[in-house]
Amino acid sequence: MQVIRGLHNLRDEHRGCVATIGNFDGVHRGHQAILDQCREQAAKLQLPVTVVVFEPQPREFFAGDQAPPRLTLLRDKVRLLGEAGVERVLCLPFNDALRGLTAEAFIEKVLIDGLGVRHLVVGDDFRFGCDRRGDFHLLAEVGERHGFSVEHTRTFTVDDDRVSSTRIRTLLASGNFDAAARLLGRPYRLGGRVVADQKLGRTIGVPTANLPQPVRSLALHGVYAVVTELPDGRRLPGVANIGWRPSVGSTRPVLEVHLFDFDGDLYGQRLRVFPCAKLRGEVKFEHFDALKQQIGADQRRARAYFAEHTLQRPEAGASVSQHPETGAQGPGLNNDDSLPLASAPLAREAVTSDSSAGTPADHDDG
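Calculation notes
- Residues numbered from 1 in each chain as written.
- Predicted model: local features only at pLDDT ≥ 70, side-chain atom pairs only at ≥ 80, totals over all residues.
- Heavy atoms only, no water.
- Helix = DSSP H or I, 4+ residues; strand = E, 2+ residues; numbered from the N terminus.
- Buried < 20%, exposed > 50% of the residue type's maximum accessible area, 1.4 Å probe, protein only.
- Contact = heavy atoms within 4.5 Å.
- Areas by Shrake-Rupley, 256 points an atom, 1.4 Å probe, with all protein chains shown as cover.
- Pairing = 2+ DSSP bridges.
- Axes fitted to C-alpha atoms, helices over the stretch in contact; angles between N-to-C directions.
- Salt bridge = Lys/Arg side-chain N within 4 Å of Asp/Glu carboxyl O.

Asks: Sorry, what's going on with the overall build of the chain here?
Replies: For the chain, the count of helices and strands is 11 helices and 14 strands. A total of 366 residues make up the chain; the buried ones form 51% of that total. A separation threshold of at least 6 residues defines the contact pool for the chain, and within that pool the share at least 24 residues apart is 75%. Summed over its atoms, the accessible surface of the chain is roughly 17,500 Å², and 47% of this surface lies on carbon and sulfur atoms.

Right, dumping it as structure tokens:
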């Protein structure tokens, strides 16, 4: 997998490819279907698959803090694209220079002179260029003159509805992690590196691992029953607060995880955290005693949830076994079938107590 940052880093060896363009936020099953189309053509033409993405995403450039939260950061997006068979990712900085290009200039600079595209896969509703003149028909017309073909994406549906990043955000905000996983093709997860924080949890016997989060990655806010994957492969149940911790006064969003029945040093380690069920929204408590009492109630509710929904946990250092024919993986890092994902919040207040739980966008930006 090659990541090419900016047109100025394109070289002759990058020319000639099957390409697609988009945000690919979440790299969900709809995106995976597009990538399947690209791989089909790439195999016929014996060319690599290249995905063109933008950083920041266009809606983030125009809407700023009002843009929808991301499902995946660029690092995770690139990893998922690589796992889906993409050989190259061209990441274009979305700035005033790029937004000022006409549709024809974009085609010439990026697709023809830059990538030497031989086949392009885009949606038939795809629009681009400062004049908004760029669409599927213009691409097909220019392609005929310059020797590349254009194919529109196939609509991918689940439960008779189109899979989209917006639909997944709505499901996550509503606490339906089971349905979100079916649209993503995997359980939704967050992660990061554990850093030292205020250590208030230790004072009440509830030590936490604190993972700072970029503001735009917060598709979730509130308190959740979670499963946390340690670097050695163990998956442990626990409870987590995702957000700004209003009772403490954080200066940036944090994923704060308490692992049940765990005693160890996690500072500096990278963790993967899988939200399984929403317990409640974020609430500001005026007194520390009230916060302490609520933390105890959150733990009891999360423990009860995991007691009811058995979690299969690999032991420390467990290897990932792979079926010799199907490639299916056994217990270990990728045993996602064992995650007990809820289809709704565990209590009514999980929805009503947090007004910032994520208003979905009115159209897809993925």
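Asks: Quick question: what am I supposed to make of helix 5 (residues 103-114) here?
Replies: Every α-helix winds through 3.6 residues per turn, so residues three or four apart in the chain are directed the same way. For helix 5, every residue scored as buried is listed here: Ala 103, Ala 105, Phe 106, Ile 107, Val 110, Leu 111, Ile 112 and Gly 114. At the exit of helix 5 stands Gly 116, carrying a positive phi of roughly 55°.

Asks: Where do I start with the sheet that holds strand 3 (residues 49-55) in this structure?
Replies: Neighbouring strands of a sheet are bound in pairs by backbone hydrogen bonds; such pairs are parallel or else antiparallel. Within the open sheet, the 6 strands sit side by side as 1-4-3-2-5-6. Their pairing is parallel. Two strands in the sheet have a free side with no partner beyond their single neighbour: strand 1 (2-5) and strand 6 (149-152). Across the sheet, the mean angle from the axis of one strand to that of its neighbour is 25°, orientation sign disregarded. Here strand 5 (residues 117-122) runs beside strand 6; their pairing, made up of 4 bridges, is parallel. Residue pairing in the sheet places Val 122 in a bridge with His 152 of strand 6. Sitting on the sheet, helix 5 is in contact with strand 2 (17-21), strand 3, strand 4 (88-93) and strand 5, with an inclination near 140° to strand 4.

Asks: Teacher, can you tell me more about the environment of Cys 130 here?
Replies: Tracing the chain through its elements places Cys 130 in the loop between strand 5 and helix 6 (136-146). Apart from the residues lying within four places of it in its own chain, the contact partners of Cys 130 are Arg 99, Gly 100, Leu 101 and Thr 102.

Asks: When you look at the pattern of salt bridges in this model, what are you seeing that I'm missing?
Replies: A side chain of one charge can pair with a side chain of the opposite charge when the charged atoms of the two come close. On inspection of all chains with the given rule, the structure shows 18 salt bridges. Linking Arg 99 and Asp 96 is a salt bridge whose minimum nitrogen-to-oxygen distance equals 4.0 Å. One end of the pair, Arg 99, and the other, Asp 96, are both in helix 4 (residues 96-99), 3 residues apart, so they sit about a helical turn from each other. The exposure class assigned to Asp 96 is exposed, which follows from its relative accessible area of 56%. A salt bridge links Arg 303 to Asp 261, with the nearest nitrogen and oxygen atoms 3.3 Å apart. Here Arg 303, found in helix 10 (residues 288-308), pairs with Asp 261, found in the loop between strand 13 (254-259) and strand 14 (270-280); they are 42 residues apart in sequence, far enough to count as distant. The structure contains a network of salt bridges with shared partners spanning Glu 40, Glu 151 and Arg 154.

Asks: So what exactly am I meant to see when it comes to the sheet that holds strand 11 (residues 222-229) here?
Replies: The strand order 9-14-11-12-13-10 describes an open sheet built from 6 strands, whose pairing is antiparallel. The open sheet terminates on both sides in strands that have one partner only, identified here as strand 9 (190-193) and strand 10 (209-212). Ignoring strand direction, the axes of neighbouring strands in this sheet form an average angle of 35°. Relative to strand 13, strand 10 is paired through 4 bridges, and the arrangement is antiparallel. The residue of strand 13 that forms the bridge with Ala 209 is Val 257. Lying over the sheet, helix 10 contacts strand 11, strand 12 (235-243), strand 13 and strand 14, oriented at roughly 95° with respect to strand 14.

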